[in-house]
Amino acid sequence: MEQAVRPSRIIQIGLVIFFVGLLAIPIVYKRHQRGEASKAANVSEPQALSRYGFYLQESSKASGIDFIHQAPTLDVKLAHIMNLVASMGAAVSIVDFDRDGWEDIYVVNSKQGSRNALYRNLGNGTFRDVAAEVGLADVNLQGTGVSTGAVWGDYDNDGYEDVFLYKWGKPELFHNDGGKHFTRVTEQAGLPSWVNANTAVWFDYDNDGKLDLFLGGYYPEDVDLWHLKTTKIMPNSFEYADNGGRKYLFHNLGNGRFEEVSAKMGIKSRRWSLAAVAADLRGTGYPDLFVANDYGVSELYLNEGGKRFREVGKEAGVGFSPKSGMTASVGDVLNQGQFDVYVTNISEEGVLVQGNNLWMPKAQKSKSAIRYENMANTFGVELGGWSFGGQFADLNNDGFLDLYVATGNVSLDHDHSYWYDYSKIAGGNQAIISDTANWPSLKGRSLSGYQHKRVWINDGAGRFKEVAQMVGVKDVYDGRSVAMADFENRGALDVVVANQRGPLLLYKNTVAPGKHWIEFDLEGQRSNRSAIGAEVRVFWAGQEQLQQVSGGSGFCSQNERRLHFGLGKATSIDRVEIRWPSGIKQTLTNPRIDEMHKVKEPL
Amino acid sequence: MIRANSVNALASTGKAENRMSAIGRFFSAENRYLPPLLITLILVAGQAKFGLLESFSRTALAIVTSMILDLVLARLVIRKWPNLASAYITGISVGILVRSPAFWPYALCSALAITSKYAIRWRGRHLFNPSNLAISAMLLLVPEYVAALSIQWGNDVWPLVIVWILGAFIVWRVRRFHITLTYVVSFVAFSALRSVIVGDSFLAEVAPITGPMYQLFIFFMITDPRTTVKSMRGRCLVAFLVAAMEMVLRLADNVNAPFYALTIVGPIAMAIDIWRTSKRRPNGTLRPEVRAGSVEAPAL
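Residues numbered from 1 in each chain as written. Chains lettered and ligands numbered in written order. Predicted model: local features only at pLDDT ≥ 70, side-chain atom pairs only at ≥ 80, totals over all residues.

A. How the structure looks around the overall build of chain B. Looking only at helices and strands, one finds 12 helices and 4 strands in chain B. For chain B, with 300 residues in total, the buried portion stands at 49%. A separation threshold of at least 6 residues defines the contact pool for chain B, and within that pool the share at least 24 residues apart is 75%. (Helix = DSSP H or I, 4+ residues; strand = E, 2+ residues; numbered from the N terminus. Buried ≥ 20, exposed ≤ 12 C-beta atoms within 10 Å, placed from the backbone. Contact = placed C-beta atoms within 7 Å.)

Take a look at the structure:
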């Protein structure tokens, strides 16, 4: 009988040492990481300014902002998981609604009977809520659903930004009457009676000079969350769900009316949409549409000359590995003159490590196709806990776009987590997961609660560094919607964060001296007057950065329409190229830096 | 003519028998390449349909690490060229079951699994299921970067049916189906018990076993011939105890309960089995299957 060869004692000992060494690698690596983090966390404001070039000071109270988001109370059949289902609704968008040159803040509320707020920027560092005065406060009445977000766009080109309010309920359109009052024009516009929406964007998909509107449903539109006919309302899969709300594409007919054309234009998805962003991703002159979906893959709708959309998510590489998409933002991360797309997802230690996606285009062979590669891991912007809203912005004016990500899902009992029960049900068969009656009770536990935010600064060479704690972002509210604006017209982007069941935070930004900037406030003439979709390329010191005027991005948010470019230490710029949605191209040569430039589309 | 026909008929029969015996050999328990082939089929189909892997490159990294390290350690430790089917399966199981957006956990997990095969032995036999031990270690040590497969095959019934057909076929061929069956029955019974204890619905408690990760676990991990005990009754008892330990861990809200349960119960059962076997074989001779070049079909 053959005997097994027995290894020598030295080899046996060596093997054990090698095995223990392998086990020790991650422990040593983690200790090293923790040490670095704890050293960095004790950074003072002057040190942060010196090291990272900026510091964010939470200033909501000092600025006169005292808004607390209230969550809805839904049908009693959902009582056992109420905080889980009612975990969205906090949203913020930026607008200069009265054209006084100062950016204002609109923030929505989600409890029945609660009021939305419109914080008018008084130009002296403080704000005053004027929502009730202008008719935008009392919009969450019983029976009409509750607000989940708002996007601003001048749909009738009268020079004032109108607002589309989306809800888990009846969507509303308000016309801006000269910056003094808003008139409800929902019926005239022909909007549907009920949509459980979590995303909407204004964009002019056919470049006819009139803003159109995309609206993405989350729960199906026949579900009234306050009067449930069935408990089978949940997704039929945690990663492949296709039983969510329908999508709407409203074509602006130009007389205050809209025609719903989604099916005609090729948008037929029933995925659970949480975010969308429109941008010309291929340089065709027409805006494409990127939709991030919860419980599934993202979708990329290529705009075929304004005549039809073609969904190519799978071919493009963004629609293959399903996750829990919660934000969609575009930014030119490496100053290459092209848009990258950032999508947030869920990462929870040892349970579900999806990682966020930074989709960067590969070399493009033709305008009819585009391929993306996920570079989030390489760039260091992947692990962000339970990430919701994310926005690109050059926070330290060094010439490269940084990234702010709001995190945290449900913060209740600090010491008890719902993750075990959540994972139990999430992996089950669709007949089990889709019925709320099968979902274990939340019992006051948290689900990825009390999370620290992520502020990633871009080194411009392919790496981001996480500095939130060091630059003053220390809150642990359940962050949802993030919007950026230069509220004091001083060349620094401030950050506004809407938190679920939490306060609206205003992080005022102090940028270290010596960094330059330039801003543009565009107004369309042949194009839509909001200039949504206009692209601006700034060329300086060998850099080329592309930005666009957006009609909504991130999670339930909209940045200021003005475009802000950090320039680092450069004292001049070569030129600025503007491509208007109408196709008109305009070049500004050597515009002055450290100024905001108002630019009208040439006729 | 008649004779010629008879010869032809005999020749045809012989060919048919040869064909049958070739097919029989291919599907036999001794064909070490059948499980890797079928698991690869599951993997490729799952990736094509669901994109269940983080990426092919990460899985490839796990497989290559596993096979290279197995070659090196086999030469070093037993001074023989190993059959790489087992290392391939270890690598592929790491590639499927480990979920991480980073690359390094796949290499590290494979390295841990293969090294454990050589480093942790008693009387020439494994104590731990290699990939189970490695995945448990990763989940314990680096949960920030690693999770186990859970929801990535969707919640549809068809992937389960396919895995059940292929899985049942494989474990039936290696005569381990009773382990799977015992575990499933035990899990369902414990689900009912947990439902009573924690107050959640029975469907919520039984839900995990209707998901894809469990299909891999019950067919390809707990049935590993090299890390199961000798007697059929003993194997059924171990499967029951794994399910029981899992219930205890589940009551403590442990998300990765099945992996940890097997990591705890498996080596204890193996140690008892080895001790009992050695008592019966005082000269310390090893079971034939533990020698280098063993013919038993590998599992996860």
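B. Highlighting the overall build of chain A. The number of helices and strands found in chain A is 9 helices and 40 strands. In summary, chain A has a C-alpha radius of gyration of 24 Å against a globular reference of 25 Å for 603 residues, a match within 12%. With the C-alpha coordinates of chain A rotated into their principal frame, the extents come out at 95 × 65 × 50 Å. Going through the 603 residues of chain A one by one, you find that 59% of them count as buried. Counted over contacts in chain A with a minimum sequence separation of 6, partners at least 24 positions apart contribute 62%. (Rg over C-alpha atoms; globule rule 2.2 N^0.38 Å.)

C. Representation of the nonpolar core. Phe214(A), Val471(A), Cys109(B), Met138(B) and Val242(B) are the most contacted members of the largest nonpolar core, which has 263 residues in total. Apart from residues lying up to four places away in sequence, Val242(B) is in contact with Tyr183(B), Ile222(B), Ala261(B), Leu262(B) and Val265(B). (Core = buried A, V, L, I, M, F, W, Y, C linked by C-beta atoms within 7 Å.)

D. Focus on the sheet that holds strand 22 (residues 357-361) of chain A. All names here are of chain A. Ordered by their spatial adjacency, 4 strands build an open sheet running 18-19-22-23, and the pairing between neighbours is antiparallel. The open sheet has two free edges, formed respectively by strand 18 (329-331) and strand 23 (372-374), since each of these has just one partner strand. Averaged over all adjacent pairs, the angle separating strand axes in this sheet is 30 degrees, with direction ignored. (Pairing = 2+ DSSP bridges. Axes fitted to C-alpha atoms, helices over the stretch in contact; angles between N-to-C directions.)

E. Spotlight on the environment of Asp224(A). Looking at where Asp224(A) falls in the secondary structure, it is placed in the loop between strand 11 (212-219) and strand 12 (247-252). When the C-alpha positions of Asp224(A) and Leu74(A) are compared, they lie 9.1 Å apart, and in sequence the two are 150 residues distant.

F. Representation of helix 6 (residues 130-141) of chain B in the model. Compared with an ideal rise of 1.5 Å per residue, which puts 12 residues at 16 Å, helix 6 of chain B spans 16 Å between its outermost C-alpha atoms and is within 8% of the ideal. The element helix 6 of chain B is largely enclosed, with a buried count of 11 among its 12 residues. (Expected span 1.5 Å × (residues − 1).)

G. Structural context of the sheet that holds strand 32 (residues 505-511) of chain A. Residues and elements named next belong to chain A. Pairing is antiparallel across the open sheet formed by 4 strands, whose spatial order is 1-32-31-30. On the outer flanks of this sheet lie strand 1 (54-58) and strand 30 (478-485), each paired with one strand and no other. Within this sheet the neighbouring strands show an average axis-to-axis angle of 25 degrees, counted without direction. When strand 31 (residues 494-500) meets strand 32, the two strands line up antiparallel, connected through 3 bridges. Residue valine 495 lies in a different strand from strand 32, and its bridge partner there is tyrosine 507. Lying over the sheet, helix 2 (residues 45-52) contacts strand 1 and strand 32, oriented at roughly 140 degrees with respect to strand 1.

H. Inspection of the pairing of strand 7 (residues 162-169) of chain A at higher detail. All names here are of chain A. For strand 7, the tally of buried residues reaches 8 of 8 residues, placing the bulk of the element in the interior. Of the strand pairs in this sheet, strand 6 (residues 145-153) and strand 7 are connected by 8 bridges, and their pairing is antiparallel. Note on strand 7: the bridge partner recorded for glycine 145 is glycine 169. Inspection of the sheet shows strand 7 paired to strand 8 (residues 172-177) by 3 bridges, in the antiparallel sense. Paired with valine 163 across the bridge in strand 8 is phenylalanine 174.

I. Expanded view of the interface of chain B and chain A. On the chain A side, the residues contacting the 51 residues of chain B number 47 residues. Breaking the side of chain B that touches chain A down by element, the ones donating at least two residues are helix 3 (56-77), helix 5 (104-119), helix 6 and helix 9 (202-206) of chain B. At 7 residues, helix 5 of chain B tops the list of elements feeding residues into the side of chain B that touches chain A. A class-by-class count of the residues in the side of chain B that touches chain A yields 29 nonpolar, 15 polar and 7 charged. (Nonpolar A, V, L, I, M, F, W, Y, C, P; charged D, E, K, R; others polar.)

J. Expanded view of the packing of helix 4 (residues 85-97) of chain B against helix 6 of chain B. Residues and elements named next belong to chain B. The contact between helix 4 and helix 6 brings their axes to 10 Å, and the two run at 35 degrees. Crossing of helix 4 against helix 6: the hand is right-handed. Only Pro130, Ser131, Ala134 and Ile135 of helix 6 make contact with helix 4, whose side of the interface consists of Thr90, Ser93, Val94 and Leu97. Along the lines of polarity and charge, the residues of the contact of helix 4 with helix 6 split into 5 nonpolar, 3 polar and no charged. (Left-handed = near helix turned anticlockwise from the far one by under 90°.)

K. Local environment of unusual backbone geometry. Phi is positive for Asn335(A), close to 50 degrees, though the residue is something other than glycine. On the secondary structure map, Asn335(A) appears in the loop between strand 18 and strand 19 (340-343). Judged by local crowding, Asn335(A) falls into the buried class, with 20 C-beta atoms found within 10 Å. Positive phi values are uncommon outside glycine, yet Arg79(B) reaches one of about 55 degrees. Within the fold, Arg79(B) resides in the loop between helix 3 and helix 4. A residue is classified by how many C-beta atoms lie within 10 Å of it, and Arg79(B), with 10 of them, is exposed.

L. Representation of the pairing of strand 11 of chain A in the model. Residue and element names in this part refer to chain A. By the criterion of burial, strand 11 is predominantly enclosed, with 8 of the 8 residues buried. Where strand 10 (residues 195-203) lies against strand 11, 7 bridges are found, and the strand directions are antiparallel. Each bridged residue has a counterpart across the sheet, and for alanine 200 the counterpart in strand 11 is leucine 215. Of the pairings in the sheet, the one linking strand 11 to strand 12 comprises 4 bridges and is antiparallel in character. The partner of glycine 216 across the bridge, within strand 12, is lysine 247.

M. Focus on the confidence of the model for chain B. Residues and elements named next belong to chain B. Residue-level pLDDT values for chain B average 82, and 80% of them are 70 or greater. Per-residue pLDDT stays below 50 along residues 286-298; that stretch engages in 32 contacts with residues further than four places along the chain or on separate chains. The ipTM for the predicted assembly is 0.81, set against a pTM of 0.90. (pLDDT = per-residue confidence, 0-100.)

N. Fine view of the environment of Leu133(B). Residue and element names in this part refer to chain B. Inspection of the secondary structure assignment puts leucine 133 in helix 6. Among the residues examined, leucine 133 registers 25 C-beta atoms within 10 Å and is labelled buried. Each C-alpha atom of the pair leucine 133 and serine 191 lies 25 Å from the other, and the pair is 58 residues apart in sequence. The residues touching leucine 133, leaving out its near neighbours within four places in the chain, are Ala113, Ser116, Phe128 and Thr263.

O. Main features of the packing of helix 8 (residues 177-198) of chain B against helix 11 (residues 232-251) of chain B. Residues and elements named next belong to chain B. Close contact between helix 8 and helix 11 brings their axes to 8 Å; oriented N to C, the two are set at 30 degrees. For the element pair helix 8 / helix 11, the angle class is roughly parallel. Note that helix 8 runs across helix 11; the crossing there is right-handed. Listed contacts from helix 11 to His178, Ile179, Thr182, Tyr183, Ser186, Phe187, Phe190, Arg194 and Ile197 of helix 8 are Met232, Arg235, Cys236, Ala239, Phe240, Val242, Ala243, Ala244, Met247, Arg250 and Leu251. Of the residues that constitute the contact of helix 8 with helix 11, the class distribution is 14 nonpolar, 3 polar and 3 charged. (Parallel < 35°, antiparallel > 145°, perpendicular 65-115°, else oblique.)

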